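Read off the chains here:
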Amino acid sequence: MSTTLENIQRQIGENPILIYMKGTPQLPQCGFSAQTVQALMSCGERFAFVNILDNPDIRAELPKFANWPTFPQLWVEGELVGGCDIVMEMHQSGELEKLIKETAAKHADDA
């Protein structure tokens, strides 16, 4: 049986675009997760998500692993992009869509 940390590392490694959030993209459970996932969905590419409310072990361990205390957390190609404020700034500047589309194009053959 794998540890929580191994699960987190596997999730980040296997999913080029991944959001750890409260709730699901269709039913976010906090305003910050809702804003972040809306910005991500507006990029028009597929992404993975982990509902931390269903995974209390990940909710407890990920902030230590990431050195980032809050949720949501957007990870792209194994790197933490940031939380709601950073993602919203990137969305407004156009950086988010560029990053997400470039990442999706790189991994199009993986699907």
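Structure shown above.
Residues numbered from 1 in each chain as written. Predicted model: local features only at pLDDT ≥ 70, side-chain atom pairs only at ≥ 80, totals over all residues. Heavy atoms only, no water.

Peer 1: Hey, could you go over the pairing of strand E4 (residues 79-82) for me, with residue numbers and the actual values?
Peer 2: Pairing geometry for strand E3 (residues 73-76) and E4, over three bridges, is antiparallel. Of the residues in E4, the one forming a bridge with Trp75 is Leu80. (Pairing = 2+ DSSP bridges. Helix = DSSP H or I, 4+ residues; strand = E, 2+ residues; numbered from the N terminus.)

Peer 1: Kindly report on helix H2 (residues 31-41), identifying the contributing residues and their values.
Peer 2: Structural remark: α-helix, 3.6 residues per turn; residues separated by three or four positions point the same way. Regarding H2, the residues found buried are Ser33, Thr36, Val37, Ala39 and Leu40. In an axial view of H2, the angular spread of the buried residues amounts to 155°, which keeps them on one side of the axis. (Buried < 20%, exposed > 50% of the residue type's maximum accessible area, 1.4 Å probe, protein only. Arc of directions from axis to C-beta.)

Peer 1: Can you break down the pattern of salt bridges residue by residue, with the values?
Peer 2: Tallying each qualifying case throughout the model produces five salt bridges. For the salt bridge of Glu14 with Arg10, the shortest nitrogen-to-oxygen distance reads 3.6 Å. With a gap of four residues between them, Glu14 and Arg10 both fall in helix H1 (residues 4-14), about one helical turn apart. Between Lys101 and Glu45 there is a salt bridge; the shortest N-O distance is 3.2 Å. One end of the pair, Lys101, is in helix H5 (residues 95-106); the other, Glu45, is in the loop between H2 and strand E2 (48-51), with 56 residues separating them in the sequence. When its relative accessible area of 33% is taken as the criterion, Lys101 is described as partly exposed. The class for Glu45 is partly exposed, based on a relative accessible area of 27%. (Salt bridge = Lys/Arg side-chain N within 4 Å of Asp/Glu carboxyl O.)

Peer 1: Describe the pairing of E3, and please don't skip the residues or the numbers.
Peer 2: The two faces of E3 match: Gln73 and Trp75 on one face and Leu74 and Val76 on the other face are all buried. For strand E1 (residues 17-21) and E3, the ladder comprises four bridges, and the chain directions are antiparallel. Residue pairing across strands places Leu18 opposite Trp75, the latter belonging to E3. Taking the residues that link successive antiparallel strands as the turn, the E3-E4 hairpin has two residues, and the phi of Glu77 there is positive, at about 50°.

Peer 1: Describe in detail the sheet that holds E3, supporting the description with residues and values.
Peer 2: Taken together, the four strands give an open sheet; going across it, the order is E2-E1-E3-E4, and neighbouring strands pair in mixed fashion. Both outer strands of the open sheet, E2 and E4, are each paired with one neighbouring strand and no more. Across the sheet, the axes of successive neighbouring strands diverge by a mean angle of 25°, strand direction being ignored. Its contacts with the sheet put helix H3 (residues 56-66) on E1, E2, E3 and E4, and the angle it makes with E3 is roughly 60°. Set on the sheet, H5 makes contact with E1, E3 and E4; between it and E3 the angle comes to about 45°. (Axes fitted to C-alpha atoms, helices over the stretch in contact; angles between N-to-C directions. Contact = heavy atoms within 4.5 Å.)

Peer 1: Talk me through the environment of Trp75; I want residue IDs and the actual numbers.
Peer 2: Its place among the elements puts Trp75 in strand E3. Sequence separation between Trp75 and Arg59 is 16 residues, and the spatial gap between their C-alpha atoms is 15 Å. Not counting residues within four places of it along the chain, the set of residues in contact with Trp75 comprises Ile12, Pro16, Ile17, Leu18, Tyr20, Leu62, Phe65, Ala66, Leu80 and Val81. Side-chain polar atoms of Trp75 contact the side chain of Gln73, separated by 3.2 Å. (Polar contact = N/O pair within 3.5 Å; in protein donor to acceptor, adjacent residues only side chain to side chain.)

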